[in-house]
Amino acid sequence: MYRFLLSRQWVILTLVALVLIPTMIRLGFWQMHRYHERTARNQLVSEALAAEPVPVEKLTSPGHTVTRGERYHGVTATGSFDTEREVVVRRRVNADEAVGFHVLTPFVLTDGKVLLVNRGWIPGTASQSAFPEIPAPPGGRITVTGRLMPDETTAASGIKDLSGLPDRQIMLINSEKEARRLGAEVLGGYITLMAPEPKGDTPEPIGRPGSENAALNYAYALQWWLFAAGVPVGWVILARREARDRAERAQRPTEDPTPASV
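Residues numbered from 1 in each chain as written. Predicted model: local features only at pLDDT ≥ 70, side-chain atom pairs only at ≥ 80, totals over all residues. Heavy atoms only, no water.

Visitor: It is not clear to me how helix α3 (residues 175-182) should be interpreted in this structure. Could you clarify?
Guide: One full turn of an α-helix is made of 3.6 residues, so residues set three or four places apart face in the same direction. Residues S175, E178 and L182 constitute the buried set of α3. Taken down its axis, α3 places every buried residue within 60 degrees of arc, on the same side. Across from the buried face of α3, at angles greater than 90 degrees, the exposed residues are E176 and R180. Turning to α3, the residues buried within the fold contact β3 (87-93), β4 (99-109), β5 (114-123) and β7 (169-170). Sitting at the amino-terminal end of α3 is N174, which places a side-chain oxygen 3.1 Å from the backbone nitrogen of E176. G183, located one to two residues past α3, shows a positive phi value of around 65 degrees. (Buried < 20%, exposed > 50% of the residue type's maximum accessible area, 1.4 Å probe, protein only. Helix = DSSP H or I, 4+ residues; strand = E, 2+ residues; numbered from the N terminus. Arc of directions from axis to C-beta. Contact = heavy atoms within 4.5 Å. Polar contact = N/O pair within 3.5 Å; in protein donor to acceptor, adjacent residues only side chain to side chain.)

Pasting the structure below:
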């Protein structure tokens, strides 16, 4: 009854099923790995955001690489803004996906070191080569609070670090490059400013980071495993249906081709 399984069509179908099953199982485990990875990342971000701010030099120093556990941690620093050597970061969007600039202002600490402060977003200008008009930060000696961030890279952000840009414009925030430009000791990474808040809400403050959708990866993993379980079930159903159809065709009476006598 099941001799048809040795036919070319069914051999190919069986081989495809045998390939799909482990592939779907592997994809399910990959999605589950992504689920655990995103869950752990969300936990790190939540813990960093909930932690009490600490003096910035407890977490970073010149040449330091900000770690995943340090990212988004609140820090404080006392010093003064150096607006004369301020730059803008090109092709940045705000919460409404409008394209503009981020304002990066050196903050000179009381010990002479420099902390890079991303003060927020401002809209783009008609001329991309012109330096935009930027609201001034508070003057004099102040204390700032912000979220610590690692240096930006092309690999992590997908943004190309272009050369030949207009004066005082950059593509990526990188403490090593800024140290060479400023001729100063620059703390590794940078901060996104939380306090003091800007007057008139400009530059537009950078919002809190959102959580990654880890639950979606969990659902995808279950989906792939259900697909993997469905392949052999579907194969069995198709094979039994084919066997039944063949049996029914075999039991049908054949018509006598001889014509009836008159």
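Visitor: Any chance you could explain the nonpolar core here in plain terms?
Guide: In a soluble, globular protein the nonpolar side chains are often hidden away together inside. Grouped together as the largest cluster of nonpolar side chains are 16 residues, with contacts concentrated most on F107, L115 and V144. Put simply, the parts of the chain that give this core at least two residues each are β2 (74-81), β4, β5, β6 (142-149) and β8 (190-195). If near-sequence neighbours (up to four positions away) are discounted, F107 is found in contact with A77, T78, G79, S80, F81, K113, V114, L115, V117, I142 and V144. In terms of nonpolar packing, the next biggest core, distinct from the first, is built from 15 residues, Y72, V87, L104 and V186 among them. (Core = buried A, V, L, I, M, F, W, Y, C linked by side-chain atoms within 4.5 Å.)

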